[in-house]
Amino acid sequence: MDTPLSPVEDIKTASRLLRGSIEASLAEPLTGAMHEDDTHLIKFHGIYQQDDRGLRNERRQQRLEPAYQFMIRARIPGGLCTPARWLAMDAIARTYANHTLRLTTRQTFQFHGILKRALKPAIAAINAALSDTLAACGDVNRNVMCTTLARPRAIRAEVEELARELSERLLPKTGAYHEIWLDRKKILSTEQETEPMYGATYLPRKFKIAVAVPPDNDVDVFSQDLGFVAILENARIVGFNVTVGGGLGMSHGEFATFPRVADVLGFCTPTEVLKVATAVLITQRDFGDRTNRKHARLKYTIETLGLDRFTEEVTARAGFSLAPARGFQFTHTGDRSGWQEDGNGLAHYTLFVDSGRIDDQPERRALTALREIATRELAQFHLTANQNVVLANVPAAARSEVTEILTRHGVAEGTVTPLRQLALACVGFPTCGLAMAESERYLSDFVTKIQVLLANHGLQDEPIVVRITGYPNGCARPYLAEIGLVGKAPGRYNLYLGAAFDGSRLNAPYRESLNEGKILAVLAPLFSRYAQERTAEERFGNFLVRSGIVPAIQTGPAFAAAAQSLGAMRGG
Ligand code: SRM
């Protein structure tokens with residue numbers, strides 16, 4: 001008997017190209033929630049239904065429904081934001097959301113705490129700022145990322161444009177978004193309207209693309225379903241190596257699920273990129289597993305088909321073969337800190353944003369500072385894949401003004417160490433429905449404690465990559481961290497160690513369900529050994545592998561096997 005399709009496939013099929021009963025859900029006054037099926041469909045429109053988890057017990061005791069609210073995610077290819085768009089986003093955060101802007105690990109904004117009745121005006125305001133939220137979530141291609149500080153400037157402009165083109169080309173074509181959120185009239189009848197590339201059931205699962213420009217792997221290109229690594233000759237892009245099958249989500253204790261770093265498939269010219277992207281996407285559309293959402297990402301399709309067969313299918317759809325991959329090297333991950341000159345009289349300042357949350361605290365008024373910079377049009381705003389913002393294209397004459405504004409509002413960096421600069425955490429409590437442990441609200445304290453341990457060994461300025469997620473999804477890409485913590489239960493984390501600094505190798509499962517004291521106790525002697533035994537310039541993750549403290553994990557199945565044997569040791 002055939003395995004039944006996952007229930008979400010039926011919801012998509014019945015949705016009339018993503019319409020479902022969203023309009024009726026919005027009009028329903030007796031609940032702050034959407035109808036169950038619509039909660040799946042609104043993701044394609046860039047919206048998640050959530051509730052404040054901190055209030056769940058209290059509301060249950062009062063026999064009230066959960067404190068339903070919504071998260072909206074914008075689509076901003078390459079993270080590009082003009083001052084005008086920044087001001088619009090700032091106003092949306094303060095008018096409809098919880099007075100914070102959340103920068104994400106995919107170069108865009110999230111707004112939290114939006115009530116159902118505010119969804120339409122908030123989305124209309126995002127569109128009025130020449131942005132949208134279409135396909136920011138859901139089983140489609142998501143926000144396309146690109147390296148933030150690619151140099152020279154012509155390269156940056158080229159990859160920005162490519163991110164935008166990829167995002168536009170792979171957008172759903174349904175009119176549902178514009179009808180529901182922007183009150184546009186339906187132009188085509190249901191019979192006439194089609195979804196030419198995706199088909200009526202879209203993809204089996206989410207799909208993610210990034211464009212990286214070596215030597216920077218700030219977008220973690222190997223974690224993406226599809227990646228384009230720019231190959232430069234004489235400071236010009238001559239083409240791209242194509243990477244496929246990265247992905248980080250997994251479930252604790254389910255060893256058929258695993259994070260996976262991408263394979264390098266070959267090389268294509270700039271004019272072939274859109275064809276390659278379409279061919280990879282529709283191969284995944286045709287072969288991805290629609291029966292089990294935990295086995296539906298491209299990484300599993302490739303594991304199931306094998307890379308050779310997968311390549312044949314992509315070639316057949318593209319109509320040409322990729323050339324052999326070219327050599328490239330990443331030597332830098334994360335964002336460049338502080339001011340960067342670009343030789344054309346303009347400078348770019350990377351503003352560190354703790355866990356991506358921009359708000360106003362009594363001592364640090366980041367929201368106000370950035371609003372002032374935008375109002376005076378002193379910079380462009382480039383969101384990074386590491387939850388920071390680059391104040392870009394600042395003329396020499398305006399640098400001191402930018403610095404003065406940041407300093408006056410308590411936002412100037414000063415003491416941010418490389419460890420803190422590189423650290424990432426996902427959102428977690430109270431909004432993420434999947435969180436098992438604190439992440440965003442814990443990161444800063446945890447980094448401070450690690451910083452103290454490192455200082456004991458003179459390592460306080462080491463750029464070690466620490467990432468925390470409250471759940472094994474991989475939202476802050478923890479399996480590509482030299483030290484990764486993944487929530488297991490409140491106050492308890494699995495510890496993963498030894499990813500490559502350049503993002504090309506996964507870390508290894510090291511210990512399970514540790515509390516903070518145990519994590520620090522495990523790390524202290526490793527820092528001591530690192531200080532004494534490392535070779536010149538050796539990164540912490542590479543040291544752990546070379547010393548045999550953890551194995552080098554290159555494949556998803558190897559990661560799952562290591563997790564399984566760790567679990568068995570614990571059980572035994
Ligand atoms: Fe994520 C689900 C937040 C980047 C893998 N992610 C979620 C949800 C929507 C929880 C949910 O399904 O209800 C989280 C919303 C929390 C909240 O309250 O805001 C959430 N993910 C985030 C963000 C905001 C993390 C951050 O702190 O910046 C990132 C938003 C990205 C964006 O702007 O589009 C975010 N998520 C990622 C990444 C990193 C990346 O894309 O480079 C990953 C790992 C890469 C990958 O996709 O494999 C990631 N998120 C997941 C998964 C696991 C997918 C899987 O294949 O198993 C889920 C759960 C799911 O899809 O079922 C998830």
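Preceding this section is the structure that the text describes.
We now turn to the structure provided with this report. (Residues numbered from 1 in each chain as written. Predicted model: local features only at pLDDT ≥ 70, side-chain atom pairs only at ≥ 80, totals over all residues. Heavy atoms only, no water.)

1. Brief notes about the coordination of the iron atom of the ligand
Just so we agree on the cut-off: The rule for donors is simple: N, O or S, within 2.8 Å of the metal, or within 3.2 Å if the metal is Na, K or Ca. Water isn't counted, so a site may look like it is missing partners. Labels follow the DSSP assignment, with helices taken as runs of H or I lasting at least four residues and strands as runs of E lasting at least two, numbered in each case from the N terminus.
Counting protein donors to the iron atom of the ligand gives just one, C475 (SG), placed at 2.3 Å. Of note, C475 is situated in the loop between β17 (466–469) and β18 (483–489).

2. Structural notes on the site of the ligand
Definition in use: Proximity is defined per residue: any heavy atom of the residue falling within 4 Å of a molecule or strand makes that residue near it. Here a polar contact means two N or O atoms within 3.5 Å. Within protein one must be a hydrogen donor candidate and the other an acceptor candidate, and residues neighboring in sequence count only if both atoms are side-chain atoms. Polar here means any residue outside two lists: the nonpolar Ala, Val, Leu, Ile, Met, Phe, Trp, Tyr, Cys and Pro, and the charged Asp, Glu, Lys and Arg; Gly therefore counts as polar.
Every one of the 30 residues lining the ligand counts as a neighbour, but T104, L248, T431, C475 and R477 are closest to it. Backbone polar atom of L248 to an oxygen atom of the ligand: 2.6 Å apart, as the coordinates give it. Listing elements by their share of the shell around the ligand, those giving two or more residues are β1 (47–51), β2 (68–73) and β5 (109–114). The residue makeup of the shell around the ligand, split by class, is nine nonpolar, 13 polar and eight charged.

3. Quick look at the nonpolar core
Test applied: The criterion is simple. A nonpolar core is a set of buried Ala, Val, Leu, Ile, Met, Phe, Trp, Tyr and Cys residues joined through side-chain atoms within 4.5 Å. Summary of the burial criterion: residues with accessible area below 20% of their type's maximum are buried, those above 50% are exposed, and those between are partly exposed, where the area comes from a 1.4 Å probe applied to protein chains only.
Counting 100 residues, the largest nonpolar core has W86, F109, F111, L166, F228 and I373 as its most contacted members. Ranked by the residues each element gives to this core, the list is headed by helix α9 (residues 273–287), at eight residues. Within the second largest apolar cluster, 57 residues are counted, among which are M145, A210, L454 and Y496.

4. Topic: the environment of S223
Put simply, the test is: Throughout, a residue-residue contact means that at least one pair of heavy atoms, one from each residue, lies within 4.5 Å.
Of note, S223 is situated in the loop between β7 (209–212) and β8 (226–233). Judged by its relative accessible area of 6%, S223 falls in the buried class. Those residues within four positions of S223 in sequence are excluded, and the remaining contacts are G246, G247, L248, R477 and L480. In this structure the side chain of S223 is engaged in a polar contact, spanning 2.7 Å, whose partner is the backbone oxygen of D220.

5. Looking at the packing of α9 against helix α10 (residues 298–305)
How we decide: In this analysis an axis means a line fitted to C-alpha atoms, helices contributing only their contacting stretch, and an angle means the value between N-to-C directions, from 0 to 180 degrees. Our angle categories are set so that under 35 degrees counts as roughly parallel, over 145 as roughly antiparallel, 65 to 115 as roughly perpendicular, and the remainder as oblique.
Close contact between α9 and α10 brings their axes to 10 Å; oriented N to C, the two are set at 75 degrees. When the axis of α9 is compared with that of α10, the two are roughly perpendicular. Counted together, V280, Q284 and F287 of α9 and L298, T301 and L305 of α10 form the full contact between these two elements. Partitioned by chemical class, the residues of the contact of α9 with α10 number four nonpolar, two polar and no charged.

6. Let's talk about the pattern of salt bridges
We count it as follows: Put simply, a salt bridge is a Lys or Arg side-chain nitrogen that is within 4 Å of an Asp or Glu carboxyl oxygen.
Overall, the coordinates contain 40 salt bridges when judged by the stated rule. One salt bridge in this structure joins D51 and R56, with 2.8 Å as the shortest N-O distance. For D51, a relative accessible area of 9% translates into the label buried. For the salt bridge of R529 with E533, the shortest nitrogen-to-oxygen distance reads 3.1 Å. In this pair, R529 and E533 are both assigned in helix α16 (residues 516–533), four residues apart and thus about one turn of the helix distant.

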